[in-house]
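Here's the letter readout for the chains.
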Amino acid sequence: MSDNIQTVTVLSKTTWTPNLFSFTVSRPDSFKFTAGQFVRLGVNPSQLKYYQQVEASDEVSNTALNEDIFRAYSIVSSPFDEVLEFFSIVIPDGAFTSQLQHLQVGDELLLNTMPFGFLTLARYQKPLPKDLWLLATGTGLAPFLSMLQDLKTWEDYEHIVLAYSARSTDELAYVEQIERLQEDFGTLVDNPAKLIFIPIVTRESVDGALSERLPKLLLEGTLQARAGITLDVDTTHVMLCGNPDMVDDTKEALKTLGLVMNRRGEGNIAVENYW
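Residues numbered from 1 in each chain as written. Predicted model: local features only at pLDDT ≥ 70, side-chain atom pairs only at ≥ 80, totals over all residues. Heavy atoms only, no water.

**Remarks on the overall build of the protein**
The secondary structure content of the protein amounts to nine helices and eleven strands. At 19 Å, the protein has a C-alpha radius of gyration in line with the 19 Å of a compact globule built from 275 residues. Its C-alpha atoms give the protein principal-axis dimensions of about 60 × 40 × 35 Å. With an accessible surface of roughly 13300 Å², the protein has 46% of that area assigned to carbon and sulfur atoms. Averaging the positions of the 21 positive and the 37 negative side-chain charges in the protein gives two centres separated by 7 Å. (Helix = DSSP H or I, 4+ residues; strand = E, 2+ residues; numbered from the N terminus. Rg over C-alpha atoms; globule rule 2.2 N^0.38 Å. Areas by Shrake-Rupley, 256 points an atom, 1.4 Å probe, with all protein chains shown as cover. Lys, Arg positive; Asp, Glu negative; His and termini not counted. Charge placed at Lys NZ, Arg CZ, Asp CG, Glu CD.)

What follows is the structure in C-alpha coordinates.
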(Lines give C-alpha, C1' and ligand atoms only; values in the text may rest on other atoms or scores of the structure.)
Protein backbone atom coordinates (compact mmCIF):
# COMPACT_ATOMS: atom_id res chain seq x y z
CA MET A 1 0.00 0.00 0.00
CA SER A 2 1.25 3.48 -0.89
CA ASP A 3 2.63 5.69 1.88
CA ASN A 4 -0.10 8.19 0.98
CA ILE A 5 -2.90 5.70 1.68
CA GLN A 6 -4.30 5.56 5.21
CA THR A 7 -7.22 3.66 6.70
CA VAL A 8 -10.07 5.76 8.06
CA THR A 9 -13.17 4.70 9.99
CA VAL A 10 -16.77 5.64 9.19
CA LEU A 11 -18.17 7.63 12.14
CA SER A 12 -21.64 8.58 10.92
CA LYS A 13 -23.97 8.40 7.93
CA THR A 14 -26.87 10.64 6.90
CA THR A 15 -29.32 9.53 4.21
CA TRP A 16 -30.97 12.46 2.42
CA THR A 17 -32.82 10.52 -0.29
CA PRO A 18 -32.52 6.95 -1.63
CA ASN A 19 -29.80 8.27 -3.96
CA LEU A 20 -28.06 10.90 -1.81
CA PHE A 21 -26.16 10.44 1.44
CA SER A 22 -23.39 11.99 3.50
CA PHE A 23 -20.89 10.36 5.80
CA THR A 24 -18.07 11.29 8.12
CA VAL A 25 -14.80 9.46 8.69
CA SER A 26 -11.91 9.80 11.09
CA ARG A 27 -9.22 12.28 10.09
CA PRO A 28 -5.55 11.26 10.14
CA ASP A 29 -3.56 13.61 12.38
CA SER A 30 -1.16 14.62 9.64
CA PHE A 31 -3.78 15.22 6.93
CA LYS A 32 -4.10 18.83 5.71
CA PHE A 33 -6.13 20.31 2.86
CA THR A 34 -7.41 23.63 1.59
CA ALA A 35 -11.16 24.33 1.47
CA GLY A 36 -12.40 23.38 -2.00
CA GLN A 37 -9.96 20.54 -2.62
CA PHE A 38 -10.83 16.90 -3.19
CA VAL A 39 -9.29 13.57 -2.22
CA ARG A 40 -9.43 10.03 -3.49
CA LEU A 41 -11.38 7.64 -1.30
CA GLY A 42 -11.15 3.88 -1.58
CA VAL A 43 -13.45 1.04 -0.63
CA ASN A 44 -13.03 -2.72 -0.69
CA PRO A 45 -16.62 -4.00 -0.96
CA SER A 46 -15.81 -7.40 0.51
CA GLN A 47 -14.72 -5.71 3.75
CA LEU A 48 -17.97 -3.80 4.33
CA LYS A 49 -20.13 -4.96 7.25
CA TYR A 50 -23.14 -5.10 4.95
CA TYR A 51 -21.69 -8.04 3.05
CA GLN A 52 -20.42 -9.74 6.17
CA GLN A 53 -23.88 -9.60 7.76
CA VAL A 54 -26.00 -10.94 4.91
CA GLU A 55 -26.21 -14.60 4.12
CA ALA A 56 -23.77 -15.74 1.49
CA SER A 57 -25.29 -16.23 -1.91
CA ASP A 58 -24.11 -16.19 -5.49
CA GLU A 59 -25.61 -12.74 -5.96
CA VAL A 60 -23.86 -11.31 -2.91
CA SER A 61 -20.52 -12.93 -3.58
CA ASN A 62 -20.56 -11.67 -7.15
CA THR A 63 -21.39 -8.16 -5.97
CA ALA A 64 -18.84 -7.99 -3.16
CA LEU A 65 -15.66 -7.49 -5.11
CA ASN A 66 -12.45 -8.13 -3.21
CA GLU A 67 -10.48 -5.20 -4.57
CA ASP A 68 -9.84 -1.57 -3.70
CA ILE A 69 -11.86 0.91 -5.77
CA PHE A 70 -10.98 4.62 -5.62
CA ARG A 71 -12.97 7.71 -6.60
CA ALA A 72 -12.52 11.46 -6.17
CA TYR A 73 -14.59 13.23 -3.53
CA SER A 74 -14.68 16.89 -2.55
CA ILE A 75 -14.50 17.47 1.20
CA VAL A 76 -17.55 19.01 2.90
CA SER A 77 -15.95 19.72 6.24
CA SER A 78 -13.86 22.68 7.28
CA PRO A 79 -10.07 22.37 6.99
CA PHE A 80 -10.09 22.74 10.79
CA ASP A 81 -12.64 20.02 11.64
CA GLU A 82 -11.57 16.96 13.55
CA VAL A 83 -13.44 14.66 11.15
CA LEU A 84 -13.80 14.52 7.36
CA GLU A 85 -17.24 14.70 5.76
CA PHE A 86 -18.26 13.71 2.23
CA PHE A 87 -21.45 14.05 0.15
CA SER A 88 -22.26 11.26 -2.30
CA ILE A 89 -24.76 10.33 -4.96
CA VAL A 90 -25.63 6.70 -5.61
CA ILE A 91 -25.04 5.67 -9.21
CA PRO A 92 -26.87 2.32 -9.51
CA ASP A 93 -24.33 0.74 -11.87
CA GLY A 94 -21.35 2.65 -10.48
CA ALA A 95 -18.59 0.38 -9.24
CA PHE A 96 -17.86 2.74 -6.34
CA THR A 97 -21.08 4.44 -5.22
CA SER A 98 -23.21 1.32 -5.60
CA GLN A 99 -20.96 -0.19 -2.90
CA LEU A 100 -20.53 2.95 -0.82
CA GLN A 101 -24.28 3.22 -0.25
CA HIS A 102 -23.98 0.20 2.05
CA LEU A 103 -21.63 2.01 4.43
CA GLN A 104 -22.22 1.48 8.14
CA VAL A 105 -20.64 3.10 11.17
CA GLY A 106 -17.42 1.25 11.91
CA ASP A 107 -16.65 0.35 8.30
CA GLU A 108 -13.15 1.19 7.09
CA LEU A 109 -12.27 3.14 3.95
CA LEU A 110 -8.97 4.10 2.36
CA LEU A 111 -7.92 7.75 2.11
CA ASN A 112 -5.25 9.05 -0.22
CA THR A 113 -3.85 11.82 1.97
CA MET A 114 -2.60 13.88 -0.96
CA PRO A 115 -5.31 16.50 -1.68
CA PHE A 116 -5.98 17.56 -5.24
CA GLY A 117 -7.65 20.42 -7.06
CA PHE A 118 -7.47 24.15 -7.63
CA LEU A 119 -11.07 25.12 -6.85
CA THR A 120 -9.76 27.21 -3.96
CA LEU A 121 -10.11 30.89 -3.16
CA ALA A 122 -6.33 31.28 -3.15
CA ARG A 123 -6.36 31.00 -6.95
CA TYR A 124 -7.88 34.49 -7.21
CA GLN A 125 -5.18 37.14 -7.42
CA LYS A 126 -7.15 39.54 -9.61
CA PRO A 127 -9.78 40.90 -9.31
CA LEU A 128 -9.42 41.42 -5.58
CA PRO A 129 -12.12 39.72 -3.48
CA LYS A 130 -15.44 41.52 -3.19
CA ASP A 131 -18.40 39.42 -4.42
CA LEU A 132 -18.18 35.62 -4.40
CA TRP A 133 -20.71 33.56 -6.34
CA LEU A 134 -20.83 29.82 -5.58
CA LEU A 135 -22.97 27.97 -8.14
CA ALA A 136 -23.65 24.29 -7.42
CA THR A 137 -25.80 21.40 -8.50
CA GLY A 138 -26.19 18.22 -6.45
CA THR A 139 -23.10 17.01 -4.66
CA GLY A 140 -21.17 19.90 -6.22
CA LEU A 141 -22.24 21.73 -3.08
CA ALA A 142 -19.52 19.96 -1.08
CA PRO A 143 -16.46 22.19 -1.72
CA PHE A 144 -18.54 25.33 -1.16
CA LEU A 145 -19.69 24.13 2.27
CA SER A 146 -16.04 23.64 3.15
CA MET A 147 -15.21 27.20 2.06
CA LEU A 148 -18.14 28.61 4.04
CA GLN A 149 -16.80 26.95 7.19
CA ASP A 150 -13.47 28.76 6.79
CA LEU A 151 -13.40 32.13 8.57
CA LYS A 152 -11.11 33.64 5.95
CA THR A 153 -13.91 33.41 3.39
CA TRP A 154 -16.13 35.55 5.62
CA GLU A 155 -13.32 38.04 6.21
CA ASP A 156 -12.30 38.52 2.58
CA TYR A 157 -15.63 39.14 0.85
CA GLU A 158 -18.47 41.64 1.12
CA HIS A 159 -21.14 39.38 -0.39
CA ILE A 160 -21.34 35.63 -0.86
CA VAL A 161 -24.07 34.24 -3.11
CA LEU A 162 -24.69 30.50 -2.80
CA ALA A 163 -27.02 29.29 -5.57
CA TYR A 164 -27.77 25.61 -5.09
CA SER A 165 -29.81 23.71 -7.68
CA ALA A 166 -31.52 20.32 -7.34
CA ARG A 167 -34.32 18.51 -9.12
CA SER A 168 -36.58 18.23 -6.07
CA THR A 169 -36.89 19.69 -2.59
CA ASP A 170 -35.77 16.39 -1.07
CA GLU A 171 -32.49 16.64 -2.97
CA LEU A 172 -31.66 20.05 -1.47
CA ALA A 173 -29.40 18.64 1.23
CA TYR A 174 -27.75 20.61 4.04
CA VAL A 175 -30.32 23.47 3.88
CA GLU A 176 -30.59 23.77 7.66
CA GLN A 177 -26.80 23.95 7.96
CA ILE A 178 -26.62 26.54 5.17
CA GLU A 179 -29.20 28.70 6.94
CA ARG A 180 -27.05 28.65 10.10
CA LEU A 181 -23.76 29.54 8.39
CA GLN A 182 -24.09 33.31 8.80
CA GLU A 183 -24.63 32.95 12.53
CA ASP A 184 -22.19 30.09 13.08
CA PHE A 185 -19.27 31.59 11.14
CA GLY A 186 -20.08 35.15 10.11
CA THR A 187 -20.44 36.23 13.73
CA LEU A 188 -16.88 35.11 14.48
CA VAL A 189 -15.20 37.81 12.36
CA ASP A 190 -15.38 41.61 12.17
CA ASN A 191 -17.31 43.00 9.17
CA PRO A 192 -18.29 39.57 7.80
CA ALA A 193 -19.59 38.96 4.30
CA LYS A 194 -23.35 38.83 3.84
CA LEU A 195 -24.46 35.37 2.75
CA ILE A 196 -27.29 35.26 0.20
CA PHE A 197 -28.68 31.73 -0.22
CA ILE A 198 -30.72 31.05 -3.37
CA PRO A 199 -32.27 27.57 -3.61
CA ILE A 200 -33.27 26.34 -7.07
CA VAL A 201 -35.62 23.40 -7.65
CA THR A 202 -36.05 22.52 -11.32
CA ARG A 203 -38.73 19.80 -11.28
CA GLU A 204 -41.09 21.04 -8.58
CA SER A 205 -42.79 24.33 -7.78
CA VAL A 206 -41.46 25.44 -4.41
CA ASP A 207 -42.24 28.68 -2.61
CA GLY A 208 -39.13 30.83 -2.31
CA ALA A 209 -37.10 28.78 -4.78
CA LEU A 210 -36.23 29.60 -8.37
CA SER A 211 -37.03 26.92 -10.95
CA GLU A 212 -34.95 27.36 -14.10
CA ARG A 213 -31.47 26.05 -14.88
CA LEU A 214 -28.57 28.20 -13.77
CA PRO A 215 -27.49 29.32 -17.29
CA LYS A 216 -30.98 30.63 -18.07
CA LEU A 217 -31.29 32.35 -14.69
CA LEU A 218 -28.01 34.14 -15.34
CA LEU A 219 -28.68 35.13 -18.94
CA GLU A 220 -32.13 36.48 -18.07
CA GLY A 221 -30.77 38.32 -15.03
CA THR A 222 -33.11 36.48 -12.65
CA LEU A 223 -30.34 35.18 -10.40
CA GLN A 224 -28.66 38.58 -10.16
CA ALA A 225 -32.01 40.23 -9.35
CA ARG A 226 -32.71 37.72 -6.57
CA ALA A 227 -29.21 38.27 -5.14
CA GLY A 228 -29.44 42.03 -5.47
CA ILE A 229 -25.91 42.08 -6.90
CA THR A 230 -24.61 42.47 -10.43
CA LEU A 231 -21.92 40.41 -12.10
CA ASP A 232 -18.94 42.69 -12.74
CA VAL A 233 -15.65 41.74 -14.38
CA ASP A 234 -13.84 44.00 -11.89
CA THR A 235 -15.41 42.72 -8.65
CA THR A 236 -16.80 39.21 -9.16
CA HIS A 237 -15.42 35.76 -8.40
CA VAL A 238 -17.58 32.86 -9.64
CA MET A 239 -17.04 29.19 -8.83
CA LEU A 240 -18.88 26.32 -10.51
CA CYS A 241 -19.17 22.74 -9.28
CA GLY A 242 -21.67 20.07 -10.25
CA ASN A 243 -22.73 18.01 -13.23
CA PRO A 244 -20.65 18.60 -16.37
CA ASP A 245 -23.55 19.96 -18.45
CA MET A 246 -24.30 22.61 -15.84
CA VAL A 247 -20.66 23.58 -15.57
CA ASP A 248 -20.17 23.87 -19.34
CA ASP A 249 -23.42 25.72 -20.01
CA THR A 250 -23.05 28.08 -17.06
CA LYS A 251 -19.45 28.82 -17.98
CA GLU A 252 -20.59 29.87 -21.46
CA ALA A 253 -23.43 31.97 -20.03
CA LEU A 254 -20.99 33.80 -17.77
CA LYS A 255 -18.67 34.45 -20.70
CA THR A 256 -21.62 35.87 -22.64
CA LEU A 257 -22.17 38.24 -19.71
CA GLY A 258 -18.60 39.48 -20.00
CA LEU A 259 -16.80 37.46 -17.33
CA VAL A 260 -13.58 35.59 -18.14
CA MET A 261 -11.99 32.32 -17.09
CA ASN A 262 -9.47 32.48 -14.27
CA ARG A 263 -6.00 31.66 -15.61
CA ARG A 264 -2.73 32.07 -13.75
CA GLY A 265 -4.57 33.80 -10.93
CA GLU A 266 -6.43 36.37 -13.02
CA GLY A 267 -10.07 36.25 -14.10
CA ASN A 268 -13.52 35.62 -12.73
CA ILE A 269 -14.61 32.04 -13.41
CA ALA A 270 -13.19 28.92 -11.73
CA VAL A 271 -14.38 25.35 -12.23
CA GLU A 272 -13.41 21.88 -11.08
CA ASN A 273 -13.23 19.02 -13.57
CA TYR A 274 -12.90 15.72 -11.72
CA TRP A 275 -16.28 14.23 -12.66
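After that view of the structure, there is still more to cover.
**Some details on helix α9 (residues 244-256)**
In this model, α9 (13 residues) spans 18 Å end to end at C-alpha, consistent with the 18 Å of a helix rising 1.5 Å per residue. Every buried residue of α9 is accounted for by M246, V247, T250, K251, A253 and L254. Projected down its long axis, α9 carries its buried residues within an arc of 165 degrees, all on one side. Projecting away from the buried face of α9 at angles above 90 degrees are the exposed residues D245 and T256. Packed against the buried residues of α9 are β7 (131-137), α7 (214-219), β10 (236-241) and β11 (269-271). In the segment just after α9, G258 is the residue with positive phi, at about 100 degrees. (Expected span 1.5 Å × (residues − 1). Buried < 20%, exposed > 50% of the residue type's maximum accessible area, 1.4 Å probe, protein only. Arc of directions from axis to C-beta. Contact = heavy atoms within 4.5 Å.)

**Things to note about the pairing of strand β6 (residues 108-116)**
For strand β1 (residues 5-17) and β6, the ladder comprises five bridges, and the chain directions are antiparallel. Within the sheet, the bridge partner assigned to Q6 lies in β6 and is L111. Two elements, strand β3 (residues 38-43) and β6, share four bridges in a ladder whose sense is antiparallel. If you follow F38 over to β6, its bridge partner there is F116. (Pairing = 2+ DSSP bridges.)

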